[in-house]
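Here is what each chain is made of, one letter per residue.
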Amino acid sequence: MKLLYSPFSPFARKVRIVAAELGLQDRIEVTPTSTEDPASGLSARNPLNKIPVLETEFGPLYDSPVICEYLDTLHEGGKLLPAAGPERWRALRWQALADGLMDAALLIRYELTLRQEGGRSEAWIERQKSKIRKSLDQMEADAAELDGPLTIGTIAAAAALGYLDLRFVDWGWRETHPRLAAWHAVFAERPSYVTTIAQA
């Protein structure tokens, strides 16, 4: 299998953490891929021209929730996506919340880096920041749920917080979300998290 990714993509990092946690990293060739480079061939594999993409023997898979669910079928151990019941929906809800936070953070990043200063919309940026603040507040309120078994939801939450640390370190989310910060400090010691850290 081949994973088209960027080391700075939080969605690609989520996939890489999943692969490491499941012991599948040695079965995946990671290939740095730029969404801005037409020669990368990314759009031929994903018409949305987004990463990550996982090339498999039956064709490409995208985006990260689909890739992660597929990887979860390739091992015999405990599943990151519980099969049924409240645990499944809790894990999927956490993934949706964390993915939404990452979406909003990426939109801010694009606005700040791809637009000239005079063309940036401060109102747009503030709307995305509001989504992030509300997501962090919900994570803080539900932080006790993260202390259970490892799931796709806990991994997504860790990837989202890691992206804030990478791109928006000055926001200081830990000061206002202490329970979430305490959980993240423990998760951040996992080898799967450490080995997927990108350097800004």
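Being a predicted model, the structure only gives us computed values, none of them experimental. (Residues numbered from 1 in each chain as written. Predicted model: local features only at pLDDT ≥ 70, side-chain atom pairs only at ≥ 80, totals over all residues. Heavy atoms only, no water.)

### Describing the UniProt feature "domain: GST N-terminal" (unreviewed entry) in the chain
In the numbering used here, UniProt assigns the feature "domain: GST N-terminal" (unreviewed entry) to residues 1–79. Between the C-alpha atoms that bound residues 1–79 the distance is 20 Å, and the span itself is 30% helix and 19% strand. (UniProt positions renumbered as here; feature names shortened; annotations may be inferred. Helix = DSSP H or I, 4+ residues; strand = E, 2+ residues; numbered from the N terminus.)

### Considering the nonpolar core
With 52 residues, the main nonpolar core has Leu71, Leu136 and Leu164 as its most contacted residues. For this core, the secondary structure elements donating two or more residues are strand S1 (2–5), helix H1 (10–21), helix H3 (64–71), helix H4 (85–114), helix H5 (122–141), helix H6 (152–167) and helix H8 (178–187). When residues of this core are assigned to their parent elements, the largest contribution, eleven residues, is made by H6. When near neighbours in sequence (up to four residues on either side) are disregarded, Leu164 contacts Leu101, Ala105, Ile132, Leu136, Val169, Trp171 and Trp173. (Core = buried A, V, L, I, M, F, W, Y, C linked by side-chain atoms within 4.5 Å. Buried < 20%, exposed > 50% of the residue type's maximum accessible area, 1.4 Å probe, protein only. Contact = heavy atoms within 4.5 Å.)

### Quick word on the pattern of salt bridges
Enumeration over the complete set of coordinates arrives at eight salt bridges. With a shortest N-O distance of 2.4 Å, Arg133 and Glu126 are connected by a salt bridge. Assessed through its relative accessible area of 42%, Arg133 is described here as partly exposed. Relative accessible area serves as the criterion here: at 37%, Glu126 is assigned to the partly exposed category. A salt bridge links Arg179 to Glu140, with the nearest nitrogen and oxygen atoms 3.5 Å apart. With Arg179 in helix H8 and Glu140 in helix H5, the pair connects residues that are 39 residues apart, well separated along the chain. (Salt bridge = Lys/Arg side-chain N within 4 Å of Asp/Glu carboxyl O.)

### Section: a nonpolar patch on the surface
Together, Leu107, Tyr110 and Leu114 make up an exposed nonpolar region whose accessible area comes to about 290 Å². Looking at Tyr110, the relative accessible area reads 42%, which means it is partly exposed. (Patch = residues over 30% accessible without salt bridge, like charges linked within 9 Å, V, L, I, M, F, W, Y side chains within 5 Å. Areas by Shrake-Rupley, 256 points an atom, 1.4 Å probe, with all protein chains shown as cover.)

### Some remarks on the domain arrangement of the chain
The domain architecture assigned to the chain consists of domain 1 (2–73) and domain 2 (86–191). Domain 1 and domain 2 are separated by 20 Å when their C-alpha centres are compared. The partner domain 2 presents 16 residues to the twelve residues of domain 1 that form the contact. With both chains or domains summed, domain 1 and domain 2 bury close to 1200 Å², and 70% of this area falls on carbon and sulfur atoms. For domain 1, the biggest contributors to the area lost against domain 2 are Pro10, Phe11 and Lys14; these three give 42% of the whole. On the surface where domain 1 and domain 2 come into contact, there are two salt bridges. Note that Glu21 and Arg190 form a salt bridge whose closest N and O atoms lie 2.8 Å from each other. For the pair domain 1 and domain 2, the number of links is three residue pairs in polar contact (both at pLDDT 80 or more). (Domains from an automatic or database assignment. Buried area = accessible area lost by both parts, 1.4 Å probe. Polar contact = N/O pair within 3.5 Å; in protein donor to acceptor, adjacent residues only side chain to side chain.)

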